[in-house]
Amino acid sequence: MPAIAVAAHTPLHDWHAANGGRMVDFAGWSMPIQYGSIVEEHQATRTAVGLFDISHMGRTLISGLDAGKLLESLLTRRIGDLKPGQVRYSLVCNESGGVLDDVLAYRVEVPANDLLGYGLVINASNRDKIDAHLRGHASGHDVAIEDVSDKYAMIAVQGPKAIELLDPVTDCELTSFRYYTGEMSSFTAQGIEPVECYVSRTGYTGEDGCEIICPADRAVDVWQALIDMAMPIGGGPVGLAARDTLRLEAGMPLYGHELTEDINPIAAGLSFAVNLKDREFVGREALVAARKDSQQSIRIGLQLDGRRPAREGATVLQGDQPVGTVTSGTFSPTFDRPLAMAYVKPSAAGIGEHLAVDIRGKVVGATVAPLPFYQRGK
């Protein structure tokens, strides 16, 4: 009889289970989908601060003389000009231009040899695939590739009060940090021994905030200290369900939904993350062609009538003709209405275009809306 696969645990798993987290299997990991009300967790992040365990994400270090050269040949975005402490969003594509993953690339010091190298943060479901992709193209390069995911935990601190919460317990002057930058910092909260962490001003909610990478064996100390600081100002832990409603409001694509190996970055509206000039990388020629393809389906936002959300796979209609498919949908706590993202034919993609969505046999009106739906400060 075949063995039953057991979901992997993050260093914070036992804390979640002991503190009301409803655990589910997500990309092979046992993760908290919620602690209480999804809406309350969502609103806490929008109005105060939300804390997210994102330790399931993959973390890989690439070092050596050819580290930059290797990544330049694999990432859609130029990274050779990254200065120490800079972070850049990019994509990894296959030869046909489909997305293998979207990643964050960091210019960092590699602890093993005190040399500058690169860090990649990878989606949990793609950790093994991207590791194999990196190693498959590393032949002939002076590089060392190390998956350090199990050595570290990763925590997101997101919301309008995130910097207020973190600044007193770090020594990296977060108030002057530009977005997409990071550096090593000592985390010095009351009641715990200092913890050396990497703190970056990055996130996946549409809010200001930071992401913290810390040693796995100190994760509970850091997490509990953050919880203790967040609760008095209206914040707290947030599960995967609210993380999804937050990112959808912010118009951020999710791998497996808006991004797949059959969808290219141009169609996904991510042209800003594709640098074609004076570069060669896997998938480049396919993306050159994609930029010229005026007939391919493109990603749009939809505001739906009524209260019923559309789900992934629902058909989008223009009149009585199918023109696309919903990739993500939810009821938005911020806007108090259903929102969705979809891929549709260009003729149906104009802002303000009146379309419809077939939700389990019921046709519901929908209007094409600009992405992102939500922008902080507006």
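The following refers to the structure shown. All of these numbers come straight from a predicted model, not from anything done at the bench. (Residues numbered from 1 in each chain as written. Predicted model: local features only at pLDDT ≥ 70, side-chain atom pairs only at ≥ 80, totals over all residues. Heavy atoms only, no water.)

## Observations concerning the overall build of the protein
So, point 1. The number of helices and strands found in the protein is eight helices and 19 strands.
So, point 2. Against the compact-globule benchmark of 21 Å for 378 residues, the protein has a radius of gyration of 21 Å, which places it among compact chains.
So, point 3. C-alpha extents for the protein along the principal axes are approximately 65 × 55 × 55 Å.
So, point 4. For the protein, the share of sequence-separated contacts (at least 6 apart) that also reach a separation of at least 24 residues comes to 63%.
So, point 5. On the protein, the mean spot of the 34 positive side-chain charges and the mean spot of the 47 negative ones are 7 Å from each other. (Helix = DSSP H or I, 4+ residues; strand = E, 2+ residues; numbered from the N terminus. Rg over C-alpha atoms; globule rule 2.2 N^0.38 Å. Contact = heavy atoms within 4.5 Å. Lys, Arg positive; Asp, Glu negative; His and termini not counted. Charge placed at Lys NZ, Arg CZ, Asp CG, Glu CD.)

## Points about the packing of helix H2 (residues 38-47) against helix H7 (residues 240-249)
A pair of packed helices is captured by two measures, namely the crossing angle of their axes and the spacing between those axes.
So, point 1. Their axes nearest at 8 Å, the elements H2 and H7 cross at an angle of 50°. Comparing their axes, H7 and H2 come out oblique. Considering how the two elements wind past one another, H2 and H7 form a crossing that is right-handed. Where H2 approaches H7, its residues Ile 38, Glu 41, His 42, Thr 45 and Arg 46 are matched on the opposing element by Ala 241, Ala 242, Thr 245, Leu 246 and Glu 249. (Axes fitted to C-alpha atoms, helices over the stretch in contact; angles between N-to-C directions. Parallel < 35°, antiparallel > 145°, perpendicular 65-115°, else oblique. Left-handed = near helix turned anticlockwise from the far one by under 90°.)

## Brief notes about the nonpolar core
So, point 1. By size, the foremost hydrophobic cluster in this structure holds 35 residues, and its most contacted members are Tyr 89, Leu 91, Tyr 106 and Leu 259.
So, point 2. Breaking this core down by element, the ones donating at least two residues are strand S5 (87-93), strand S6 (99-110), strand S9 (152-158), H7 and helix H8 (284-292).
So, point 3. If we ignore the near neighbours within four places in the chain, the residues touching Leu 259 are Tyr 89, Leu 91, Val 99, Asp 102, Pro 253, Leu 254, Ala 268 and Leu 270.
So, point 4. The next biggest cluster of nonpolar side chains, apart from the first, holds 31 residues, and it includes Trp 15, Leu 174, Cys 210 and Leu 226. (Core = buried A, V, L, I, M, F, W, Y, C linked by side-chain atoms within 4.5 Å. Buried < 20%, exposed > 50% of the residue type's maximum accessible area, 1.4 Å probe, protein only.)

## With respect to the sheet that holds strand S10 (residues 182-187)
So, point 1. With mixed pairing, the six strands of this open sheet are ordered in space as S10-S11-S12-S9-S3-S13. Pairing within the sheet leaves two strands with one partner each, and these edge strands are S10 and strand S13 (236-237).
So, point 2. As defined by bridge partners, strand S11 (residues 195-200) adjoins strand S12 (residues 209-215) across three bridges and the pair is classed as antiparallel. Along S12, the bridge assignment pairs Tyr 198 with Ile 213. (Pairing = 2+ DSSP bridges.)

## Section: the sheet that holds strand S19 (residues 362-369)
So, point 1. The antiparallel closed barrel is built from six strands, whose spatial order is S14-S17-S16-S15-S18-S19. When strand polarity is set aside, the average angle formed by the axes of neighbouring strands in this sheet is 45°.
So, point 2. Taken together, the six bridges between strand S14 (residues 298-304) and strand S17 (residues 337-344) define a ladder with antiparallel strand orientation. Across the sheet, Arg 299 pairs through a bridge with Tyr 343, a residue of S17.
So, point 3. The strands touched by H7 within the sheet are strand S16 (321-332) and S17, with S16 carrying the most contacts at an inclination of about 125°.

## Comments concerning the side chain of Ser 90
So, point 1. You can see Ser 90 is positioned in strand S5.
So, point 2. The exposure class of Ser 90 is buried, given its relative accessible area of 0%.
So, point 3. At a separation of 3.4 Å, a polar atom in the side chain of Ser 90 contacts the main-chain amide nitrogen of Thr 76.
So, point 4. Discounting chain neighbours no more than four positions away, the residues touching Ser 90 are Leu 75, Thr 76, Arg 77, Asp 102 and Val 103. (Polar contact = N/O pair within 3.5 Å; in protein donor to acceptor, adjacent residues only side chain to side chain.)

## So, a negative patch on the surface
So, point 1. Taken together, the side chains of Asp 171, Glu 173, Glu 183 and Glu 196 make up a negatively charged region of the molecular surface.
So, point 2. As for its position among the elements, Glu 196 is in strand S11.
So, point 3. What makes Glu 196 partly exposed here is its relative accessible area of 48%. (Patch = residues over 30% accessible without salt bridge, like charges linked within 9 Å, V, L, I, M, F, W, Y side chains within 5 Å. Areas by Shrake-Rupley, 256 points an atom, 1.4 Å probe, with all protein chains shown as cover. Salt bridge = Lys/Arg side-chain N within 4 Å of Asp/Glu carboxyl O.)

## Section: unusual backbone geometry
So, point 1. In this chain, Leu 371 is followed by Pro 372 through a cis amide linkage whose omega measures 0°.
So, point 2. Tracing the backbone through its elements, the reader meets Pro 372 in the segment after S19.
So, point 3. Its identity as a non-glycine residue notwithstanding, Tyr 180 has a phi of 65°, on the positive side.
So, point 4. With respect to the helices and strands, the residue Tyr 180 is situated in the loop between helix H5 (162-166) and S10.
So, point 5. Despite not being glycine, Asp 278 has its phi angle at roughly 60°, a positive value.
So, point 6. In this structure, Asp 278 sits in the loop between H7 and H8.

## Focus: H2
So, point 1. Within H2 the residues assigned to the buried category are Glu 41, His 42, Ala 44, Thr 45 and Arg 46.
So, point 2. Next to the buried residues of H2 lie strand S2 (29-34), strand S3 (50-53), S9, S13 and H7.

## Describing the pairing of strand S1 (residues 22-26)
So, point 1. Note: S1 against S2, five bridges, orientation antiparallel. Residue pairing in the sheet places Arg 22 in a bridge with Gln 34 of S2.
So, point 2. Hairpin connection of S1 to S2: two residues between the antiparallel strands, including Ala 27 at a positive phi of 55°.

## What about the packing of aromatic side chains?
So, point 1. Tallied over the entire structure, the rule returns five aromatic pairs.
So, point 2. With 6.4 Å between their ring centres and 70° between their planes, Trp 15 and Tyr 35 make a pair best called edge-to-face. A residue pair is termed long-range when its members are at least 10 positions apart, and Trp 15 in helix H1 (residues 13-18) and Tyr 35 in the loop between S2 and H2 qualify at 20 residues.
So, point 3. Trp 15 sits in the buried class, given a relative accessible area of 13%.
So, point 4. Of the aromatic side chains, those joined through ring pairs into one cluster are Trp 15, Tyr 35 and Trp 223.
So, point 5. Residue placement shows Arg 46 over the ring face of Tyr 374; its charged tip is 3.8 Å from the ring centre. (Phe/Tyr/Trp six-rings, centres within 6.5 Å; stacked < 30°, edge-to-face > 60°. Lys NZ or Arg CZ within 6 Å of the ring centre and 35° of its normal.)

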